[in-house]
Amino acid sequence: MKTTFKTEGQNYVMTFEGRLDTSATTQTDKDMQRLYDCEGHDIILDCHGLEFISSSGLRLFLRLLKQAKSKGSQVCLTGLTNDLRKVFDETGFTHLFKVV
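Residues numbered from 1 in each chain as written. Predicted model: local features only at pLDDT ≥ 70, side-chain atom pairs only at ≥ 80, totals over all residues. Heavy atoms only, no water.

(A) Main features of the packing of aromatic side chains. Under the criterion given, the structure shown has five aromatic pairs. Seen from their ring centres, Phe93 and Phe97 are 5.8 Å apart, and the 25° between their planes marks the pair as stacked. Of the two residues, Phe93 and Phe97, both sit in the buried class. Taken together, the ring pairs connect Phe16, Phe61, Phe88, Phe93 and Phe97 into an aromatic cluster. (Phe/Tyr/Trp six-rings, centres within 6.5 Å; stacked < 30°, edge-to-face > 60°. Buried < 20%, exposed > 50% of the residue type's maximum accessible area, 1.4 Å probe, protein only.)

Next up, the structure:
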């Protein structure tokens, strides 16, 4: 699992590449720390390179969403493949996140 962080204007962008499974969540959680401290910035999670997400990966996204909302920020998902969109639809996450 590889993550890349950058800023685009006032937005924080994190790109995910590979499989966000249980073995990758500890490091990914550390990589996402900048996003948890997002006050004043909206967040874009770029999933173009994300091949798979497990329930533990979904929990990371949900934790981020809760923290961002508490700070007045939005979280947007982009680049979901058909398979990932199905997972997000089935878990109800497409109703929680802004998906583009």
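(B) Summary view of the side chain of His41. Along the chain, His41 falls in the loop between α2 (33-36) and β3 (42-53). Sequence-distant contacts of His41, that is, excluding residues within four places in its chain, are made with Gln10, Tyr12 and Ser73. (Helix = DSSP H or I, 4+ residues; strand = E, 2+ residues; numbered from the N terminus. Contact = heavy atoms within 4.5 Å.)

These values are about where atoms sit, not about what they do.
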